[in-house]
Amino acid sequence: MLDESARASLRVALTELRQALGPAAGHVVATRATVSLEGPDLRVDVREFQQALAEGDAARALEACDARILNDFEEEWAIEARDEHAQQLAGAARDGCGRRVRSTSGGGTADPRRGRP
């Protein structure tokens, strides 16, 4: 009975979410196992951050998402995601600073997040 109640609650929540999103509701994809945001024109800063890190581009990662995430959530899943992102953010900042130092020639420093001196 609990599973059926949980499914019903999820259906209601998804309906409310889709109504709140209006035209963007098509980005919500729900299967029996997952709920996700998808779509070729959907921009998610944390996804862009992750992609840039995977490609070894710390400057682009910081440009995509250079702040803490999920600040208003205190559930365990959010705390874990926030902590993981904070560690990755610190690593990207270190990598970006290293690139800034290496790319300095003469008097100026290059800001790796902006791609210019």
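Residues numbered from 1 in each chain as written. Predicted model: local features only at pLDDT ≥ 70, side-chain atom pairs only at ≥ 80, totals over all residues. Heavy atoms only, no water.

Glancing now at the overall build of the protein chain. Scanning the protein chain from N- to C-terminus turns up four helices and two strands. Starting at the N terminus, the α and β elements of the protein chain follow one another as α-β-β-α-α-α. In the protein chain, which comprises 117 residues, the proportion classed as buried is 18%. Of the roughly 8,500 Å² that the protein chain leaves accessible, carbon and sulfur atoms contribute 54%. (Helix = DSSP H or I, 4+ residues; strand = E, 2+ residues; numbered from the N terminus. Buried < 20%, exposed > 50% of the residue type's maximum accessible area, 1.4 Å probe, protein only. Areas by Shrake-Rupley, 256 points an atom, 1.4 Å probe, with all protein chains shown as cover.)

Attention shifts here to the environment of Asp45. In this structure, Asp45 sits in helix α2 (residues 45–54). Taking C-alpha positions, Asp45 is 5.5 Å from Cys65, a pair spaced 20 residues apart along the chain. Each residue touching Asp45, except ones within four places of it in the same chain, is listed here: Ala64 and Cys65. (Contact = heavy atoms within 4.5 Å.)

In this section: the confidence of the model for the protein chain. Mean pLDDT over the protein chain works out to 83, with 80% of the residues at or above the 70 mark. Confidence over residues 100–117 falls short of pLDDT 50; this stretch has 19 contacts with residues more than four positions distant or in other chains. (pLDDT = per-residue confidence, 0-100.)

Turning our attention to the side chain of His85. Looking at the secondary structure, you find His85 in helix α4 (residues 76–103). A polar side-chain atom of His85 sits 3.1 Å from the main-chain carbonyl oxygen of Ala67. If sequence neighbours within four positions are ignored, His85 has contacts with Phe49, Cys65, Ala67, Arg68 and Ile69. (Polar contact = N/O pair within 3.5 Å; in protein donor to acceptor, adjacent residues only side chain to side chain.)

The next subject is the environment of Ala93. Structurally, Ala93 can be placed in helix α4. Relative accessible area serves as the criterion here: at 30%, Ala93 is assigned to the partly exposed category. Sequence spacing of Ala93 and Ala59 is 34 residues, and the spatial spacing of their C-alpha atoms is 8.0 Å.

This next bit is on unusual backbone geometry. Of note in the backbone geometry, Leu70 takes a positive phi value of approximately 55° without being a glycine. Turning to its location among the elements, Leu70 is positioned in the loop between α3 (58–64) and α4.

A few words now on the pattern of salt bridges. In total, this model carries six salt bridges according to the counting rule given. Ionic pairing is found between Glu48 and Arg43, a salt bridge with its closest N-O pair at 3.2 Å. Taking relative accessible area as the criterion, Glu48 reaches 30% and is therefore assigned partly exposed. Overall, Arg43 belongs to the exposed group, its relative accessible area being 53%. As a salt-bridge pair, Arg60 and Asp57 come within 3.9 Å of each other at their nearest N and O atoms. On the accessibility criterion, Asp57 (22% relative accessible area) is partly exposed. Each of Glu55, Asp57 and Arg60 takes part in a single network of salt bridges with overlapping partners. (Salt bridge = Lys/Arg side-chain N within 4 Å of Asp/Glu carboxyl O.)

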